[in-house]
Amino acid sequence: MKYGIEQEGFLLKCANCHNIVSKDGQLNKNFCVECGAPLSVYAIASFEQYKEDTKKTLLKSMEEISIKYHTDSFAKIITILADEN
Ligand SMILES: [Zn+2]
C-alpha cells in the first residue's frame with residue numbers, strides 16, 4: 001500500500017488508489033475514503049505506529065504460545081519479523 005497524496009495542481013489524489021481526495025488543494029481528510037490509505041503526515045505517522053505496535057503484540061503472543069506449548073512452529077516467522085526492525 002502506498003501512503004500520502006499525489007498532487008496535480010489543485011487536484012489531490014490518493015497515492016494508493018488515485019481517488020480524488022480534494023479539488024481545491026486543501027487536504028481535509030486523514031484517510032482515503034476509497035481504500036483507507038493514510039493521506040496526511042499525521043495519519044501516516046499514526047498508521048506506522050499502529051503497525052509497529054501490532055507487530056510487537058503479535059511477536060509477544062507467538063513467543064508466549066511457543067513457550068506455553070513447547071513448540072517452535074513460529075520460530076521462522078518470529079525471526080523474519082524481528083529482522084525487519
Ligand atoms: Zn485510496
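Use the structure listed above.
The structure presented is a predicted model; accordingly, all values stated were derived computationally and were not measured. (Residues numbered from 1 in each chain as written. Predicted model: local features only at pLDDT ≥ 70, side-chain atom pairs only at ≥ 80, totals over all residues.)

Chemist: Describe the overall build of the chain, listing the residues and the values that go with them.
Modeler: Within the chain, the secondary structure is distributed over two helices and three strands. Sequence-ordered secondary structure for the chain, helices as α and strands as β, is β-β-β-α-α. In terms of overall dimensions, the chain is more spread out than a globule: its C-alpha atoms have a radius of gyration of 18 Å, far above the 12 Å expected for 85 residues. For the chain, the spread of C-alpha atoms along the three principal axes comes to 60 × 20 × 15 Å. Looking at the chain residue by residue over its 85 residues, the buried ones come to 8%. Long-range pairs, those at least 24 residues apart, make up 13% of the contacts in the chain between residues at least 6 apart in sequence. (Helix = DSSP H or I, 4+ residues; strand = E, 2+ residues; numbered from the N terminus. Rg over C-alpha atoms; globule rule 2.2 N^0.38 Å. Buried ≥ 20, exposed ≤ 12 C-beta atoms within 10 Å, placed from the backbone. Contact = placed C-beta atoms within 7 Å.)

Chemist: With reference to specific residues and values, describe the pairing of strand β1 (residues 5–8).
Modeler: Where β1 meets strand β2 (residues 11–14), four bridges bridge the pair, whose relative direction is antiparallel. By the bridge assignment for β2, Q7 is matched with L12. If you look at the hairpin formed by β1 and β2, you'll find two residues sitting between the two strands, and G9 has a positive phi there, around 65°. (Pairing = 2+ DSSP bridges.)

Chemist: Account for the environment of G36, with residues named and values stated.
Modeler: You can see G36 is positioned in the loop between β3 (20–22) and α1 (41–68). Residue class for G36 comes out exposed when judged on the 12 C-beta atoms lying within 10 Å of it. The sequence separation of G36 and F10 amounts to 26 residues, and the corresponding C-alpha distance is 21 Å.

Chemist: A description of the pairing of β2 should follow, citing residues and the corresponding values.
Modeler: Walk down a regular strand and you will see the side chains alternate between the two sheet faces. The alternating pattern of β2 places L12 and C14 on a buried face and L11 and K13 on a face that is not buried. As judged from the two bridges shared by β2 and β3, these two strands associate in the antiparallel manner. Counterpart to L12 in the pairing with β3 is S22. Counting the residues that bridge the hairpin from β2 to β3 gives five residues, and of these H18 lies at a positive phi of roughly 70°.

Chemist: Before we move on, could you go through the nonpolar core and cite the residues and values that matter?
Modeler: Counting six residues, the largest nonpolar core is built from L12, C14, V21, C32, A37 and L39. The contacts of L39, once residues within four sequence positions are left out, are G4, I5, C14, V21, L27, K29, N30, F31 and C32. (Core = buried A, V, L, I, M, F, W, Y, C linked by C-beta atoms within 7 Å.)

Chemist: Can you lay out the sheet that holds β2 for me, pointing to particular residues and giving the numbers?
Modeler: Strand order in the open sheet made by the three strands is β1-β2-β3, with antiparallel pairing throughout. The sheet terminates laterally at β1 and β3, the two strands that pair on one side only. Here the strands of the sheet are splayed against their neighbours by 40° on average, with no regard to which way each runs. (Axes fitted to C-alpha atoms, helices over the stretch in contact; angles between N-to-C directions.)

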